[in-house]
Every structure is written in C-alpha cells, then in structure tokens.
Amino acid sequence: MSTYYTGRRARYYNARWRTFTEKTLAETLAMIDVTALRSLPERLGRLPRLLDIACGTGILLRQLLDQVPGVEAYGVDASEDMLVQARAILKDRPHVHIERVQIGTGETAGLPFTRESFVLITCTNALHDIPDPVGTLSGLRRLLAPGGQLVVEDFARREPLFLWVAFEWLLRRIEGNSVRAYSLSEAEVLCKEAGLQVVSSNVFRADWLWHGWVVRAYRISSTSG
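Since this is a predicted model, take the numbers as computed values, not measurements. (Residues numbered from 1 in each chain as written. Predicted model: local features only at pLDDT ≥ 70, side-chain atom pairs only at ≥ 80, totals over all residues. Heavy atoms only, no water.)

Peer 1: Tell me about the sheet that holds strand β4 (residues 118-124), residues and numbers included.
Peer 2: Spatially, the seven strands line up as an open sheet ordered β3-β2-β1-β4-β5-β7-β6, and their pairing is mixed. Only two strands of the sheet have a single neighbouring strand rather than two, namely β3 (96-100) and β6 (196-205). Adjacent strand axes in the sheet meet at a mean angle of 15 degrees, parallel and antiparallel pairs treated alike. Direction of pairing for strand β1 (residues 49-53) relative to β4: parallel, over a ladder of four bridges. Bridging across to β4, Asp52 finds its partner in Thr122. With respect to the sheet, helix α6 (residues 59-67) is in contact with β1, β2 (72-77), β3 and β4, its orientation differing from that of β2 by roughly 170 degrees. (Pairing = 2+ DSSP bridges. Helix = DSSP H or I, 4+ residues; strand = E, 2+ residues; numbered from the N terminus. Axes fitted to C-alpha atoms, helices over the stretch in contact; angles between N-to-C directions. Contact = heavy atoms within 4.5 Å.)

Shown next as structure tokens:
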C-alpha cells in the first residue's frame, strides 16, 4: 500500500478526493451482499468480523457499520496520518480495531490475523499499489471464512495504452512506489490465479479521467493452501 498520503496530503485527502471517494465507495457498497452479512450474527452466535484493507480515513468502515451493525470491524493502512482520522470518526463505534500495517504476501498477506477470520474483506483504491497482486489476493483468500466475500475496487487502466503507461510513470514519480492499474478483465484473471471465483463485477465512471471496476469474489472450494 502506498505511504504517499502522510502529513498535509493525508489531512486534506477527504476534501481533495471527495467526489472520487463518494463514487468509488458507493460502487463498493453496492457490490457487497449486505443481506447475507446481516443474517450472520444470528447464525454464528458471535460477532462476525469484517476487514477493510487500505482503510485510509475510515469512511468505508463507517458506512459498513451503518449498514451492518453488530459486527467486529478491522481496518489496516500503511499511513498512520490517515489512520488518525479513521480513529477519530470511528471512536464512538464499538468493536472497531484500527492498525498500521503494510500489506504483503505470504500465508495471510503479511497481516496479523489467523486464517478464516473474516466474513467480508474489502480493498478499495489500492490494488494498483501492490507489487504482487496475486500473492496478496491469495493471502486474503486464506483470511476469508467459508462463504466469506472479498470485494475489490480500483481505478481502471484506460485506452490508448501508450498514454496510460506514461500516466502510470508519472504516478510512480510522484508517489515513489510501484503503480500498475488493471482493467476489469485483468483483475478477474488475477483473482482466478489467486484461487478466487468472481461472481459479480461492474465497471463505472468516477469522472472524466477516473474510470473504475469492482468485483465480488469467493474462495474456490477446491483450492488448497
């Protein structure tokens, strides 16, 4: 995950990216099977756990908790300055845990959680910053409880390709880390390679420049490891 958003960039993130964030998170929420989540506390007999990867300032977690109360929510991000804002807007919500963590690969994508911990994992506007997306998605798959949902959203690679490659080069210069955007079809292939089955997907337009995609995926039951 990018550590670009620190200091002033983090403080003004919500204001600068308000329209983009509203659109991308609305598309993410629409992709989540909220009805299935609302039935879980009664069936499980305990608080279901949700995880938001690259949670930033906590807006998606707050919206999720509005729609699905009675859950235990976790948010992780690489930027402590973004997490300060997340803790502030979520301070009155029970059962919320916010941690500074750099996502990676391996057994559980470098995250301090046990396998099959979460009924929902979300990852928004971050896949383009992840150096090994298949390795990371594989780790997130292992964190999903049986029947758990993984919802991933990001901005989309655009045509013409040569202009977009130049744009990614500029983003790398600005942010100082790897940037690689994907089309919806490319994202679906990454999910399949990570042992995930995409059951629903959508493309959308945030504004004249930023287009995006979102997918909902589940573990492939025959996948081992």
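Peer 1: Lay out helix α3 (residues 18-31) in plain terms, naming residues and giving numbers.
Peer 2: Here α3 contains 14 residues, and its C-alpha end-to-end distance of 20 Å stays within 8% of the 20 Å for a straight helix at 1.5 Å per residue. All of the buried residues in α3 are Phe20, Thr21, Thr24, Leu25, Glu27, Thr28, Leu29 and Met31. Check the buried side of α3 and you find it contacts α2 (13-16), α6, β4, β5 (144-155), β6 and β7 (211-219). (Expected span 1.5 Å × (residues − 1). Buried < 20%, exposed > 50% of the residue type's maximum accessible area, 1.4 Å probe, protein only.)

Peer 1: Describe the state of the cysteines, and please don't skip the residues or the numbers.
Peer 2: Throughout the structure, instances matching the rule amount to zero disulfides. Here Cys123 stays unpaired: no disulfide links it, and the sulfur of Cys191, its closest cysteine neighbor, is 10 Å away. (Disulfide = S-S within 2.5 Å.)

Peer 1: For the nonpolar core, give the residues involved together with the corresponding values.
Peer 2: Residues Leu51, Ile53, Leu111, Ile121, Leu137, Leu140 and Trp213 are the most contacted members of the largest nonpolar core, which totals 33 residues. When residues no more than four places from it in sequence are discounted, the contact partners of Leu111 are Leu51, Ile53, Val76, Val101, Ile103, Leu140 and Leu143. If you look at the next biggest cluster of nonpolar residues, it comprises 25 residues, including Leu25, Leu40, Leu83 and Leu90. (Core = buried A, V, L, I, M, F, W, Y, C linked by side-chain atoms within 4.5 Å.)

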